[in-house]
Structure formats: C-alpha cells, structure tokens
Amino acid sequence: MPLHAVEGLLDATSDTEVRREWAALAAAGLPSQSQHQGATNAPHLTLALAGVVPDYVEARIARVLETMRPVPIRLGSLLVMGSRRYVLARLVVPTPELLDLQRSLAAATVGAPDVPDQVRPGRWTPHVTIARGLGSRQVGESLAVLGRARPLDGTIESVRRWDPDAGRTWQVGGIPTMGA
C-alpha cells in the first residue's frame, strides 16, 4: 500500500540536474525515475510518510509550513540502498535547517497510522531518488553512466502533500510571493 507523503520540492537548478541524471540513465536503457509517467512524478525529498493523514495531522503539517522559508540543501554523492532490488539516489547532506524541518514534520505526524521507522528523526536518510528496481549489474552500469556526482547546493523551495489514494498532490508550504 503506497503511503501518503510530505515532499520537499527542489529549486529549478537542482530539479534540472536530477532530471538530467534520470534522462542519462533512460538513454542508456537503464531504469530511471523518468520512466514513471505519473502526473505527480517530480524530483523530491520525502520528509514524512503515513498510511493516512487525518485532518488534525494535515492541520499540524500546514502550521509547520505556514512560515516556511527556503531550506538549504546539498545534493551529495550517489547512494545505493536495498538488498535484492536496489534504489539509486543522490544523498542529501543534512543541514541543521533540513533536520529541523524534518523533525517538526515528524512531530506533526504523531498519531497518524503506519508511520514507518525510516522517517523518524534519527533514522531518516535524506535522499532524492534517481532510479528504483535496479539489479546488481544495473547498479554498476548506472554508476558508470552517471560518473562521479558533483555536489550541488540548492534549496527546498516548497513542500507538497501526495495522496496516493486520490493520485494527486498539492502545495502545503513554500516561499511567500513578493508582497504576501
């Protein structure tokens, strides 16, 4: 069962770089997030997960994000996760601001059902997924295609909620517009 998510969206430069990596893998005939054709597919950093997000949790998430400012991040090296089928991702080097945001969102989801351990403070590995479902040989091929990933400084500019049951996303927080 897919989980409801709170996702940080990347600034335009970081988003473009991740999409370039997706495209490079796809061009080499390897699994890539670019092959996910859902309308909600976008490079993102998962900040919180739950089986369902009750209204009171939704309200707490909105309160955490109502004064959100850009959160600095650094896309770091490539990261391989998994044991049989692998996920290739860009590690997001945690900053104090990012850890504070994630900790606040974890606190906001207290009481929501089915919150997995991997998004609890102290267990969370911040990353942006590049490819899923790789076999061990494809991991090596993917690393060869992408080469050494250069660090890239960027920001989380907004946060969205993803509802897998409805198949939709909506913005919850982000940079206030001028004059707002």
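Heads up: the structure comes first, above all this text.
Bear in mind that the values here come from a model prediction, so they are computed numbers and not experimental data.

What counts and what doesn't
Just so you know, the residues in each chain are numbered from 1, in the order the chain's sequence is written. Predicted model: local features are reported for residues with pLDDT of at least 70 only, side-chain atom pairs are reported and counted for 80 or more only, and whole-chain, interface and lining totals are derived from all residues. Just so you know, side-chain values use all the structure's heavy atoms and leave hydrogens and water out. Here a helix means four or more residues in a row that DSSP labels H or I, a strand means two or more in a row labelled E, and each is numbered from the N terminus. For each residue, the accessible area found with a 1.4 Å probe, counting protein chains only, is set against the maximum for its type, and the residue is called buried under 20%, exposed over 50%, and partly exposed in between. Throughout, a residue-residue contact means that at least one pair of heavy atoms, one from each residue, lies within 4.5 Å. Working convention for charge: Lys and Arg count positive, Asp and Glu count negative, and His plus the chain ends are omitted. When a carboxyl oxygen of Asp or Glu lies within 4 Å of a side-chain nitrogen of Lys or Arg, that pair is called a salt bridge.

Asks: Teacher, can you tell me more about unusual backbone geometry here?
Replies: Note: most peptide bonds trans; most residues except glycine with negative phi. Phi at aspartate 114 takes a positive value of approximately 60°, unusual for a residue other than glycine. Topologically, aspartate 114 is positioned in the loop between α3 (96–108) and β5 (127–134). What makes aspartate 114 exposed here is its relative accessible area of 53%.

Asks: Looking at this structure, how should I read the environment of arginine 60?
Replies: Its place among the elements puts arginine 60 in helix α2 (residues 55–65). Considering only alpha carbons, one finds arginine 60 and leucine 152, 92 residues apart in sequence, at a separation of 31 Å. In contact with arginine 60, not counting residues within four places along its chain, are Ala108, Thr109 and Val110.

Asks: In this structure, what is going on with the side chain of aspartate 163? I would like to understand it.
Replies: Summarising the element assignment, aspartate 163 is placed in strand β6 (residues 152–163). It turns out aspartate 163 is buried and unbridged, and the closest side chain with the opposite charge, arginine 168, is 5.2 Å from it. In contact with aspartate 163, other than residues within four places in its own chain, are His4, Arg168 and Trp170.

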